[in-house]
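Chain and residue survey
Each chain is listed here by its residues.
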Amino acid sequence: MQNGPAGYSQPETGAPGEEIAGAGPTVDMARVEVVAPNFKRRLSGVTSTIIQLVPLQARMFGIATLGPGLPDSLPKMRWWQVFSLLRRPASGRRRIWHARRNVEMLAGLALRLVHAPLALVFTSASQRQHKAWTKFLIRRMDAVIATSRKTAAYLDVPNTVVMHGIDTARFAPPADRGAAKAAVGLDPAQAYVGCFGRVRHQKGTDLFVDAMIELLPSRPGWSAVVAGRTTASHAAFERDLRKRIADAGLDGRIQFVGEHSAIAPWYKALSLFVAPQRWEGFGLTPLEAMASGVPVVATDVGAFSELIPHGIAGTVIVRDDLAAMVEATGRFMDDAALRERASQEATVHVRDLFSLDREAQKLGSVYESVWARLP
């Protein structure tokens, strides 16, 4: 998938040959009961959420997307069909306009000003105090969804927590981890610890590298992989990390493998995953790793403490604490039995609680409650 917020790959939208309801050049607006606007062309975590959820939601009710930056396989409204929003669908229910950005909330309110019979739903992923303008918009929504309990704490309106899920069919343990390593060009004889996401200070890539510089010299059977995009503005940051690695004599033991559109095979090659972020809005990478049977060491940012069952499938540590990262990571690296237990627990945990299907069902329940309240 894209990794949601990490933003280093784009998700698939359906199995090969699978028909997605509503796909095609236009949709029948009489059947569309939910609109998912996407008013940002560049791939982002929000866009990724829409791309992954809509095919599942299309099996539950009529839904269409609106806006740029989305694959043609999704059911899409065309801009000229916006006028159809002035009428109710054939079901007679209000259409739900599910916004995930300020500009989309504003568009929904503007449509209501011209008497479009819409119910407005907003998903908030922010873990900071909202500005006055955002609060103004949120207060005018008919239902508000928070992506975590931490996010909910920043909202001053009633809300429902619906946490993100992942595709547990794509992110799953490999049948043979050695073969999985070979498939992505890694040495099957080595064990690998990974850090996936954009290469930058905010993502804590430097903390991961520094931890590996401390841990790897005394553990010859381990190597490390950093996967993710380095933008031009962070090129100097990566150069400095590479210099640290070279100065430590670890060239070849800590690899930067760049951005990959298909990231799932890289998780399958790992024995341990580290999420060293200093800040994160939600953060899907720990879920993707755990679903792949990989234990996780993660900092306490975003929703990580709500995703990882501490001491069972992984460990949550204080953010920006290199010593804690070294200790927790080293403990997993040195204990194969611990890793095996955590691997099994992690896979079950994600399949039971964080599947995309579960997220789609919970969103559907929110929509049903709105339809029951609003004539």
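Our subject in this report is the structure included herewith. (Residues numbered from 1 in each chain as written. Predicted model: local features only at pLDDT ≥ 70, side-chain atom pairs only at ≥ 80, totals over all residues. Heavy atoms only, no water.)

Examining the overall build of the protein
Note the following rule: Where helices and strands are cited, they refer to DSSP runs of H or I of at least four residues and of E of at least two residues respectively, numbered from the N terminus. What the globule rule says is 2.2 Å times the number of residues to the power 0.38, and the radius of gyration is computed from C-alpha atoms. Accessible area is worked out with a 1.4 Å probe on protein chains only. A residue is then buried under 20% of its type maximum, exposed over 50%, and partly exposed in between. Any two residues having at least one pair of non-hydrogen atoms within 4.5 Å are treated as being in contact. All accessible areas in this document rest on Shrake-Rupley with a 1.4 Å probe, and a residue is counted as covered only by the protein chains that are shown. Charge assignment: positive for Lys and Arg, negative for Asp and Glu; neither His nor the chain ends contribute. Every charge is mapped onto a representative atom, which is NZ of Lys, CZ of Arg, CG of Asp or CD of Glu.
A tally of regular secondary structure across the protein gives 13 helices and twelve strands. The globule rule puts the C-alpha radius of gyration for 375 residues at 21 Å, and the 22 Å found for the protein is close to it. For the protein, the C-alpha atoms occupy an extent of roughly 70 × 45 × 40 Å along the three principal directions. The proportion of buried residues among the 375 residues of the protein is 58%. Long-range contacts, defined here as pairs at least 24 residues apart, represent 69% of the contacts in the protein between residues at least 6 apart. Approximately 15,300 Å² of the protein is accessible, and the part contributed by carbon and sulfur atoms is 53%. In the protein, 45 positive and 35 negative side-chain charges are present, and the distance between their average locations comes to 8 Å.

Overview of the sheet that holds strand E1 (residues 34-37)
Heads up, the condition is: Any two strands between which DSSP finds at least two bridges are classified as paired. Simply put, an axis is a line fit to the C-alpha atoms, just over the touching stretch for a helix, and the angle between two N-to-C directions goes from 0 to 180 degrees.
Read across the open sheet, the six strands follow the order E2-E1-E3-E4-E5-E6; overall the sheet is parallel. Since the sheet does not close on itself, it has two edges, and those belong to strand E2 (63-66) and strand E6 (160-161), each with one partner. The strands touched by helix H2 (residues 102-113) are E1, strand E3 (95-99) and strand E4 (118-124); relative to E4, the strand with the most contacts, the crossing angle is about 170°.

Brief notes about the pattern of salt bridges
Cut-off, in case you're wondering: Salt bridges, as used here, are contacts in which a Lys or Arg side-chain nitrogen is within 4 Å of a carboxyl oxygen on Asp or Glu.
Counted under the stated rule, the structure contains 17 salt bridges. The partner of Arg 93 in a salt bridge is Glu 33, with the nearest N and O atoms 3.0 Å apart. Here Glu 33 lies in the segment before E1 and Arg 93 lies in the loop between E2 and E3, a separation of 60 residues in the sequence. Here Glu 33 falls in the buried class, since its relative accessible area comes to 9%. Arg 112 is the partner of Asp 142 in a salt bridge, and the nearest nitrogen-oxygen pair spans 2.7 Å. Placement of Asp 142 in the loop between helix H3 (132-138) and strand E5 (143-146) and of Arg 112 in helix H2 is noted, with a sequence separation of 30 residues between them. Relative accessible area serves as the criterion here: at 26%, Arg 112 is assigned to the partly exposed category. Residues joined in a network through salt bridges with shared partners are Glu 33, Arg 93 and Glu 368.

Describing the pairing of strand E10 (residues 272-275)
Side-chain alternation along E10 places Leu 272 and Val 274 on one buried face and Phe 273 and Ala 275 on a second face that is also buried. When strand E7 (residues 191-196) meets E10, the two strands line up parallel, connected through two bridges. Each bridged residue has a counterpart across the sheet, and for Val 193 the counterpart in E10 is Leu 272. Pairing geometry for E10 and strand E11 (residues 296-299), over three bridges, is parallel. Across the sheet, Ala 275 pairs through a bridge with Ala 298, a residue of E11.

Regarding the packing of aromatic side chains
Stated precisely, the cut-off is as follows: Working definition: rings of Phe, Tyr and Trp (its six-membered ring) pair if their centres are within 6.5 Å, and the pair is stacked with planes under 30 degrees apart, edge-to-face with planes over 60 apart, and tilted otherwise. Look at NZ for Lys and CZ for Arg. If either is within 6 Å of the ring centre and within 35 degrees of the ring normal, a charge sits over the ring.
This model, assessed by the stated rule, comprises ten aromatic pairs. Between Phe 39 and Trp 97, the ring centres sit 6.3 Å apart and the planes meet at 65°, which makes this aromatic pair edge-to-face. A residue pair is termed long-range when its members are at least 10 positions apart, and Phe 39 in the loop between E1 and helix H1 (45-57) and Trp 97 in strand E3 qualify at 58 residues. Put simply, the rings of Phe 171, Phe 196, Tyr 267 and Phe 273 pair up and form one aromatic cluster. Residue placement shows Arg 93 over the ring face of Trp 371; its charged tip is 3.6 Å from the ring centre.

Remarks on the nonpolar core
Just so we agree on the cut-off: Here the nonpolar core consists of buried residues drawn from Ala, Val, Leu, Ile, Met, Phe, Trp, Tyr and Cys, with membership extended through side-chain atoms lying within 4.5 Å.
Core analysis: the biggest nonpolar cluster contains 37 residues, and Phe 196, Phe 273 and Leu 307 have the highest contact counts within it. For this core, the secondary structure elements donating two or more residues are E7, strand E8 (222-227), helix H8 (264-268), E10, helix H9 (285-291), E11, helix H10 (304-307) and helix H12 (336-353). A total of four residues in this core trace back to one element, the largest contributor, which is H9. With residues up to four places along the chain from it excluded, the contact list for Phe 273 reads Gly 194, Cys 195, Phe 196, Tyr 267, Thr 285, Pro 286, Ala 289, Val 294, Pro 295, Val 296 and Val 297. Formed by 31 residues, the second largest nonpolar core is a distinct cluster that contains Ala 191, Trp 222, Leu 241 and Val 274.

Geometric values such as these leave the question of function open.
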